[in-house]
Amino acid sequence: MNESAKKAFYITTTLPYVNSKPHMGHALEFVRADAIARYKRLMGFDVCFNTGTDEHGIKIFQKAQEEGVDTQEFVDKNAETFKNLLKSLNISNDKFIRTTDEYHKLAAQEFWKRCFDNGFIYKKTYTGLYCAGCEMFIKEKDLKNGECEIHTGKKLEEIEEENYFFKFSQFGEKLKEYYKENPDFVTPSYRLNELTKMIDEGLEDFSISRLKEKLPWGVKVPNDDEQIMYVWFDALVDYISTLGWPVDSEGQFKKYWEDGETVQICGKDNTQHQALRWQAMLLAAGLPLTNRIIVNGFINSKGQKMSKSLGNVIDPVELVEKYGTDALRYYVLRELSPHEDSDFSIEKFHEAYTANLVNGVGNLVNRILKLAEDYLDKAVDIESKKVFFSQYSDPFDNLDYKKAIDGTWEGVKWVDERIQREEPFKVVKADLEKGKQMIRELVGNLAEVAWHLQPFLPKTAEAIFDAIAKNKKPETPLFPRID
RNA sequence: GCCGAGGUAGCUUAGUUGGUUAGAGCGGUCGUCUCAUACGCGACAGGUCGUGAGUUCGAAUCUCACCCUCGGCACCA
């Protein structure tokens, strides 16, 4: 295939904010984006998969101070923990951008300039209640008895501050038009209704900068030494700065963002930032909008939000250490709801692992390859099996990975049933040639399963192909029984 | 408060425009095979489809009321 003829596909996660360590929600977003990216690559798309870390803002600055370390040192260390998570989840990202990367900062400033030049940024005096303890403004709704929740007894000061604002209010109609023309813009679709309603209630301009003395850690506002960009305005630009915008010396921005299909995946708390603010910012800068946004639900544990105080936090890294990368990937992709909040419990995880990976795929691999190893004198040619079934690719083309992975397990079940029905282990003893032919077909079926497994459980798929090529049952089970 | 979604077997859930005995997976029980990781396959049990009323020859599916749960309501990375 001609490289230049490949269709470009771009997918990006949101950038995790590195003020704390990675949690299951991050793992979920990474894995789902990864499955889509891997599928698109297999379908012949020229894929660019972006992720990274969001490293500016007051909270990070404060956290670093609390720990008594230099802010850059602090973010360097935390960015590393996210990189390690990506590695342990076997994420195939092509890019890893950090908002403290020099090229990103320059891009954020250029983005600001374009919006400013186009007349969508202005300066305005802002009056608010400032808590010296938090070193930030406290919103009216967060007041407890007229005081800051954390620093009770401390008097709040009414402070006037000049900040830059973004003319968000001007984009409501344009965004609604875009939603109308692109009904698939947001998945699940009811989120689009929520967004439309928000627009109807009126969009307010929002502040996009802070005084440098209050927020020393961030990207400088162009042509104003007193002001630092508020994190959002800086961070959102990463989706294009990672592609080399604005310089675009390698043509990636043009290829992926302008000419390709663009997909963003995010958590539900991020919906409006991705689908509303960021899109308005793109309009302001005169750039194409995102094609699709996929919104994930949250993960609860035992019906409640995971939190340290409840002691119900499940660490993705620990789970990977015990059950393996593909076990976690499987659970996140198949057993959790694609868009609604879901409950994550070790018990359910363990049950699903045993039922579908140990007794399902793992056992199927062993039973077929034992027969192959014993009765076939050479590896089966499986080249013709390396295609996707339409029941799988049709929904997956539309980013519905859940239907695709469900279909894969229907395939596993079908092969198990076939073995039971045809009893090749008996036939091979009565009629060797006929039995061998059956086993060859089963190896072919196994190859089909492995092919469809690739976007979801890449290591497992690879291990199956490898075992088929060697015509040997794996030395150790793909998914060991864990008690 | 406003807007929206939904309440289906122990758990997770499928059920486009109303139509034969409401499907599936997991879990449970029983049976069975032996190639396989005590795995697989088969069978069974288990549902007044939130409650009440209405429309209809016929409703989980339409209408109304009520109960309950959940989500969104903006600068929370």
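Sequence order as written defines residue numbering, which begins from 1 separately in each chain. Starting at A for chains and at 1 for ligands, labels are handed out in the order in which the entities are written. The predicted nature of this model means local features are confined to residues of pLDDT at least 70 and side-chain atom pairs, given and counted, to a pLDDT of 80 or more, with totals for whole chains, interfaces and linings taken over all residues. The side-chain numbers reported here are obtained from all heavy atoms of the structure, hydrogens and water having been left aside.

Colleague: Looking at this structure, how should I read helix H3 (residues 71–88)?
Modeller: Secondary structure is summarised from DSSP: a helix means a run of H or I of at least four residues, a strand means a run of E of at least two, and numbering begins at the N terminus for each. Helix span is expected to be 1.5 Å times the residue number reduced by one. Compared with an ideal rise of 1.5 Å per residue, which puts 18 residues at 26 Å, H3 spans 26 Å between its outermost C-alpha atoms and is within 8% of the ideal. We call a residue buried when its accessible area falls under 20% of the maximum for its residue type, exposed when it is over 50%, and partly exposed in between, using a 1.4 Å probe and counting protein chains only. Here H3 has its buried residues at Thr 71, Phe 74, Val 75, Asn 78, Ala 79, Phe 82, Leu 85, Leu 86 and Ser 88. At its buried positions, H3 is contacted by helix H1 (24–42), strand S2 (46–53), helix H2 (58–66), strand S3 (95–98), helix H11 (316–323) and helix H12 (325–335). Pairs of N or O atoms within 3.5 Å make up the polar contacts considered here, provided that, within protein, one atom can donate a hydrogen while the other can accept it, and that residues adjacent in sequence are counted only when both atoms are side-chain atoms. Of the residues that open H3, the one with a side-chain oxygen 3.2 Å from the backbone nitrogen of Gln 72 is Asp 70. Immediately beyond the C-terminal end of H3, within one or two residues, lies Asn 90, with a positive phi of roughly 60°. We call two residues in contact when some of their heavy atoms are within 4.5 Å.

Colleague: What is the right way to look at the pairing of strand S1 (residues 8–12) in this model?
Modeller: Side-chain direction in a regular strand flips from residue to residue, so the side chains alternate between the two faces of the sheet. Among the five residues of S1, five are classified as buried, and the element is accordingly described as predominantly covered. Along S1, one buried face is formed by Ala 8, Tyr 10 and Thr 12 and the opposite face, lined by Phe 9 and Ile 11, is buried too. For the handedness criterion, the β-α-β arrangement of S1, H1 and S2 is classed as right-handed. When S1 meets strand S11 (residues 261–267), the two strands line up parallel, connected through four bridges. Looking at the pairing, Thr 12 lines up with Gln 264 of S11. If the strands point away from the viewer and the path from the first strand over the helix to the second runs clockwise, then the crossover is right-handed. DSSP-based pairing: two strands are paired if at least 2 bridges between them are found.

Colleague: Looking at this model, I keep getting lost on the protein's contact with RNA strand B. Mind explaining?
Modeller: Surrounding RNA strand B, one finds 48 residues, the nearest of these being Tyr 17, Gly 202, Trp 232, Arg 277 and Asn 363. The protein-proximal atoms of RNA strand B, defined as those within 4 Å of the protein, are 65% sugar or phosphate. Contact distances for RNA strand B include 3.4 Å between a sugar or linking oxygen and a side-chain N or O atom of Glu 194. One of the backbone N or O atoms of Phe 479 is found 2.7 Å from a base nitrogen in RNA strand B. Among the secondary structure elements, those contributing two or more residues to the surface near RNA strand B are helix H6 (190–200), strand S8 (206–207), helix H10 (271–285), helix H13 (346–375), helix H15 (401–422) and helix H16 (424–430). With ten residues, H13 is the single largest residue contributor to the surface near RNA strand B. Residues are sorted three ways: Asp, Glu, Lys and Arg are charged, Ala, Val, Leu, Ile, Met, Phe, Trp, Tyr, Cys and Pro are nonpolar, and all the rest, Gly among them, are polar. In terms of residue class, the surface near RNA strand B is made up of 15 nonpolar, ten polar and 23 charged. Neighbouring residues are identified by heavy atoms, a residue being near a molecule or strand if any of them is within 4 Å of it.

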